[in-house]
Amino acid sequence: MSKKNKLSYLFLLTVLLLTYSCSNDDDTTIKVNLEGLEVTIDENPADGETIGTIQTDEGMALNLNITSQTPSGALNIDSGSGEVTVADASLFDFETNPTITATVTAENSENSANITINLNNVAEVSAQNLEVTLDENPVDGQVIGSVQVTGNASGFSLASQSPAGAMNIDSNTGELTVADASLFDYETNPTLTATVSIVDAENPVTVTIDLNDVVELSAQDLTTDMDENPTDGQIVGTIQGNGSGTLSFSITSQTPTGALSIDAGTGELSVVDPNLFDFETNPVITATILVDNGAETATATVTINLNDVDEVAAQNTDLTLDENPSNGDVIGALQASGSNLSYAITFQNPAGAFSIDQNTGELSVADETLFDFETNPNMLATISVSNGTQSVSANAFVALNDVNEIGEYKFGGVIFWVNPTGDEGLVIALTNQSSSSTWGCSGVLTGAAGATIGTGETNTTAIISAGCATSGTAAELVSNLSLNGYDDWFLPSSDEWIEVYNNLSIIKPVILSNGGDDFLMQYWSSTENDAYNAEFIVFSGPAAGTIYSYLNKTSAASTRAIRAWTDF
């Protein structure tokens, strides 16, 4: 074998030995099974305190590690020995975390191990019974004392108390205060007791309050009846006070304010403002009286029940009425109270508008011409009411409702017809749409045969629907009309034109005063007679106001639109 071959052989042999050696090393690593750890310990351990050790079934675990824990940061583990210790003692609190858990793995483990730590609830707080001595008759909210505790105490509560409702306790500090001062009375309850429960304390504590008997000042409440409307300075009654020393009396509150005064030395009450002693306004008058002897104070309540005395009262009254009533129509009555009353009008605007029933106070229309919304939308009567010995005055305000009337410029034109109930009507346009237009549709029977009031709109629709919308014809002019904000104009029927003519003396001045056009000689109606003729109205000459049945549809006449301000 050559030297070169010998060297190659040694190199290969060395590599094979190293590979075999490493392989044998890997195979010698021992796999282990981790055993879970469950322990029970008292809450509040110290940081670093040992809890237990993770065990294996055989061999030694390598690089032990906590992979998760609840709560986070509670535990540490020694990676070599598996010893589990307290990392954060503050987390070992039974009230917050009664059970602490973790999962542990090792580099050579075939499984993970669970740690379960169950905490024992430990009595952490101790407290002392509280016994205090207190003068009777404290004030609500007065501090009695505080329960003394050792440890971090919280959650104070009154488990029981005698008498019930006497005390309150601050749940955070344990401070006891007076809840109902009336129960701290030596003669009734010389000793008061309570049992206080404290969170985390082994036992409740007892509170004992011994009351001192105090010389007391007392005052008697005063309740009396009297007639309303007394005189200034009239005596109401006297507050009775019992106690040593010189007593002084004062009013600390009264309802209504300013009704009473009191003699500071005698406790005698008298009327200060008779106007407040009015049964209708203040049927009951009350006051709180303070009695003071220089060392103690007492309070008394005054209740004065007023007797209702026959008297006159009247209230301003709002009334409404539609405009244009008839003489004698009843408007309404003034609101007044009392016995044997009589009524009289002392002033009215406009003058002469009203009359009144002197026995009932009922107002009625005296001059119907004055009840016009456009002239007097608001009217007034001042009325005196008397029972023979006493008189008062009040106003009756009468607001007129605006009623739609013929001749009013509304709804885009001038009203020329209103139905009997006043809730619908017709207006005519201020201007003529044409002075010379044909009816159109010669030879076509459109079906626009309506003549009565309320048929003009239907007729116009029928004419247009029949295809008679030739530009410049009467129906086309009004159906395409947009005037004064409205676009629902139509051609009047025969009877609608008659209504315009009959009210011409009323509506024409309004049209002209608002810049409108005067009426021309003759106008097309929407009422068709036959296929070749339609009806028209004459506005001038001997035949003025006449409807003619036969005018050839191809003839010329004027056009003027109307519209309805409600639908028929």
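Parameters at a glance
Residues numbered from 1 in each chain as written. Predicted model: local features only at pLDDT ≥ 70, side-chain atom pairs only at ≥ 80, totals over all residues. Heavy atoms only, no water. Core = buried A, V, L, I, M, F, W, Y, C linked by side-chain atoms within 4.5 Å. Buried < 20%, exposed > 50% of the residue type's maximum accessible area, 1.4 Å probe, protein only. Contact = heavy atoms within 4.5 Å. Helix = DSSP H or I, 4+ residues; strand = E, 2+ residues; numbered from the N terminus. Polar contact = N/O pair within 3.5 Å; in protein donor to acceptor, adjacent residues only side chain to side chain. Disulfide = S-S within 2.5 Å. Pairing = 2+ DSSP bridges. Axes fitted to C-alpha atoms, helices over the stretch in contact; angles between N-to-C directions. Arc of directions from axis to C-beta. Salt bridge = Lys/Arg side-chain N within 4 Å of Asp/Glu carboxyl O.

Caption draft 1: View of the nonpolar core. Residues Ile54, Leu75, Phe92, Ile115 and Ile117 are the most contacted members of the largest nonpolar core, which totals 26 residues. When residues no more than four places from it in sequence are discounted, the contact partners of leucine 75 are Ile51, Ile66, Gln69, Val84, Thr85, Ala87, Phe92, Ile100, Ala102, Ile115 and Ile117.

Caption draft 2: Region of the structure containing the side chain of serine 558. Relative to the elements of secondary structure, serine 558 occurs in strand β42 (residues 557-559). Among the polar contacts made by the side chain of serine 558, one reaches the main-chain carbonyl oxygen of serine 435 at a distance of 3.3 Å. Setting aside residues no more than four positions away along its own chain, serine 558 makes contact with Ser434, Ser435, Ser436, Ser437, Leu520, Gln522, Tyr523 and Trp524.

Caption draft 3: Fine view of the state of the cysteines. What the rule picks out here adds up to one disulfide. Each sulfur in the disulfide pair cysteine 441 and cysteine 468 lies 1.2 Å from the other. Within this pair, whereas cysteine 441 is found in the loop between β38 (434-437) and α2 (456-465), its partner cysteine 468 is found in the loop between α2 and α3 (474-479), the two being separated by 27 residues in sequence. When its relative accessible area of 12% is taken as the criterion, cysteine 441 is described as buried. Judged by its relative accessible area of 5%, cysteine 468 falls in the buried class.

Caption draft 4: Structural context of the sheet that holds strand β33 (residues 378-386). Reading across from one edge, β27-β34-β33-β30 is the order of the four strands in this open sheet, with mixed pairing throughout. Both edges of this open sheet fall to β27 (317-322) and β30 (342-349), since each of them pairs with a single strand only. The mean angle between the axes of side-by-side strands here comes to 30°, regardless of whether they run parallel or antiparallel. The pairing of β27 with strand β34 (residues 391-401) spans six bridges and is classified as parallel. Of the residues in β34, the one forming a bridge with threonine 317 is alanine 396.

Caption draft 5: Helix α4 (residues 494-502), seen in detail. Of the residues making up α4, those classed as buried are Ser494, Glu496, Trp497 and Val500. Burial along α4 is one-sided: seen end-on, the buried residues are contained in an arc of 160°.

Caption draft 6: Inspection of the pattern of salt bridges at higher detail. Evaluated as defined, the whole model comprises five salt bridges. A salt bridge links glutamate 408 to lysine 410; its shortest N-O distance comes to 3.5 Å. Across this residue pair, the class does not change: glutamate 408 and lysine 410 are buried. Where lysine 508 meets aspartate 518, a salt bridge forms, and the shortest distance between an N and an O atom there is 3.2 Å. With lysine 508 in helix α5 (residues 504-513) and aspartate 518 in the loop between α5 and β39 (522-528), the pair connects residues that are ten residues apart, well separated along the chain. Exposure remark for aspartate 518: the relative accessible area of 35% places this residue in the partly exposed category. One continuous salt-bridge network, built from bridges that share partners, spans Asp402, Glu408 and Lys410.

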